[in-house]
Amino acid sequence: MATLDSQPRSRLIAALDIGTTKVCAVMAQVDEAGQLNLLGVGRASSTGMRKGLVVNVKETITAIEKAVEEAEAQADVSMDGVYVALSGEQIRSMNNTGVITVSREEPRVPHIQEITSEDVERVLEQAKAITLPADREILHVLPQEFKVDQHEGIKAPLGHIGHRLEARVHLVTIDEPTAQNIIRCVEAAGLFVEALVLAPLASATAVLEQTEKDQGVVLIDMGAGTTELMVYYDGGVRHTAVIPYGGNRVTNDIAQILHTTFDKAEELKKEYGYAKFPATVEDNEITIEGIAGRQAQTTTRRGLSAIIEPRLEEILTLCRNEVRKSDVSEKLTFGVVLTGGGVLIKEMEEKAGEVFNADIKIGYPLHVHGLEEMVSSPEYATAIGLLVYGHEYEETHGITKRPGGIMTFLRSLGQHIKNFFKELF
Ligand SMILES: Nc1ncnc2c1ncn2[C@@H]1O[C@H](COP(=O)(O)OP(=O)(O)OP(=O)(O)O)[C@@H](O)[C@H]1O
Ligand SMILES: [Mg+2]
């Protein structure tokens with residue numbers, strides 16, 4: 001097997017989505033045209049994660065190793081640096097503003113005050129200057145727009161003339177111990193973390209088109225343990241939220257009500273379950289074998305859907321309430337894009353349409369080529385999005401191979417963000 005050292009490093013990108021049900025490892029090669037070609041996909045059952053938190057370190061490491069081995073075997077290349085997704089209830093986000101007076105030293109043209117990259121960097125530094133508890137770090141600073149003197153809606157302020165520069169940003173923060181636990185598992189599996197990326201941001205990168213982000217859209221990623229959402233408008237992120245329930249909640253309801261195992265309930269949900277039972281579908285009886293000597297039971301497809309529907313409605317309503325907290329909820333031209341494995345249930349679009357009263361679409365991963373049949377499901381949105389994010393990131397910053405311990409990484413996170421600003425404009 002080749003190592004990355006024998007390959008041009010810039011040509012390979014690898015990613016890990018460590019979810020509640022699955023760990024997914026993916027590798028891609030960037031070709032001369034700048035296109036991402038998928039080389040390997042590995043998947044392992046995940047038992048050591050719950051709602052974005054590592055609850056069993058050993059099991060998480062084993063699952064990472066298994067998924068990575070599978071991807072490496074298919075790609076015939078070994079991984080070292082990986083982009084890793086983060087999610088969970090510990091994520092916090094807020095919108096913030098930074099304001100500076102444009103520097104007056106040595107203008108390029110006398111008396112013309114042009115905004116320089118240092119000004120942009122300073123204003124973004126200002127915008128992220130918030131007081132954080134000791135164990136929190138800023139994960140992402142996502143610029144929304146800039147204002148130069150009285151002119152609003154500026155996307156790239158570099159070169160504009162003005163005295164006062166304002167930046168509006170969306171900040172995402174993480175809990176450091178949670179991030180450290182994930183980094184530790186990845187490192188114990190013999191890899192190092194290139195960057196941590198908010199899972200729904202990665203998913204959005206995979207499934208949304210720029211026009212959707214510009215004219216307004218909600219991205220909902222329903223996984224097993226959590227459902228995450230991001231509201232986009234005018235090209236920027238306006239709101240982020242994590243709902244602490246996902247598809248597992250629905251499966252648990254089925255298991256409890258029908259007195260069966262989680263695995264059997266999962267099987268019933270996938271085979272017979274509907275998010276909203278359609279009038280046109282013929283109902284029929286389902287027999288569920290008794291567990292541990294209990295009598296077999298019967299239900300119907302409609303009966304099963306009557307368990308599923310209220311729980312999904314609850315999760316979607318929580319999402320809708322979060323969208324309403326954003327100041328752009330009335331302006332979202334492209335409604336809602338649903339992704340993640342949890343949206344694969346039959347008639348999900350129908351149910352979401354009822355709750356949101358908006359345009360609904362299922363989001364499939366875009367922007368990669370090769371092995372499409374392996375990753376065409378919404379379950380792979382986060383993993384594929386990490387590759388696309390990593391590719392865009394490396395295009396902008398060049399490659400920063402950063403082996404080293406956890407603390408090295410966390411210390412470098414701040415510097416990384418700083419460099420990001422520098423390169424962005
Ligand atoms: N065909 C299907 N019908 C209904 N539900 C499905 C189907 N396929 C997958 N799911 C559900 O999708 C969920 C898993 O989705 P996904 O793989 O996106 O989760 P994850 O990334 O492992 O979890 P998380 O993002 O919460 O950490 C499970 O709850 C599973 O029951
Ligand atoms: Mg997920």
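Now for a quick tour of the structure. Quick caveat, the model's predicted, so the values are computed rather than measured. (Residues numbered from 1 in each chain as written. Chains lettered and ligands numbered in written order. Predicted model: local features only at pLDDT ≥ 70, side-chain atom pairs only at ≥ 80, totals over all residues.)

**Considering the overall build of the chain**
The following threshold applies: Numbered from the N terminus, helices here are DSSP runs of H or I no shorter than four residues, and strands are runs of E no shorter than two. Burial in this document is a count-based property: other C-beta atoms within 10 Å of a residue's C-beta are tallied, and the residue is buried at 20 or more, exposed at 12 or fewer, or partly exposed in between, with C-beta positions derived from the backbone. Contacts here follow a simple rule: the backbone-placed C-beta atoms of the two residues must lie within 7 Å.
A tally of regular secondary structure across the chain gives 12 helices and 18 strands. When each of the 425 residues of the chain is scored for burial, the buried share is 46%. Long-range pairs, those at least 24 residues apart, make up 71% of the contacts in the chain between residues at least 6 apart in sequence.

**Structural notes on the pairing of strand β8 (residues 136–148)**
Within a regular beta strand, the side chains point alternately toward one face of the sheet and then the other, so they alternate between its two faces. Selection criterion: For two strands to be treated as a pair, DSSP must find no fewer than two bridges joining them.
Note: β8 against strand β10 (residues 164–175), 11 bridges, orientation antiparallel. Bridge pairing links E145 to R168 in β10. Judged from the two bridges that link them, β8 and strand β9 (residues 151–154) form a sheet pairing that is antiparallel. Bridge assignment links F146 to a residue of β9, and that residue is I154.

**Side note on helix α8 (residues 301–325)**
What counts, and what does not: To estimate the expected span of a helix, count its residues, drop one, and scale the result by 1.5 Å.
Taking 1.5 Å of rise per residue, the 25 residues of α8 would be expected to cover 36 Å, and the 36 Å separating its terminal C-alpha atoms lies within 8% of that figure. Buried within α8 we find R301, L304, S305, I307, I308, E309, L312, I315, L316, C319, E322 and V323.

**As for the nonpolar core**
Quick note on the threshold: For this analysis, nonpolar core means a set of buried Ala, Val, Leu, Ile, Met, Phe, Trp, Tyr and Cys residues linked through C-beta atoms within 7 Å. Source of the domain bounds: an automatic or database domain assignment.
Among the nonpolar cores identified, the biggest contains 123 residues, and V26, I64, V84, V186, V197 and L219 are the most heavily contacted of them. Lining this core are residues from two domains, each supplying at least three of them: domain 1 (92–174) and domain 2 (210–365). Sequence-distant contacts of I64, that is, excluding residues within four places in its chain, are made with L16, I18, V23, C185, V186 and A189.

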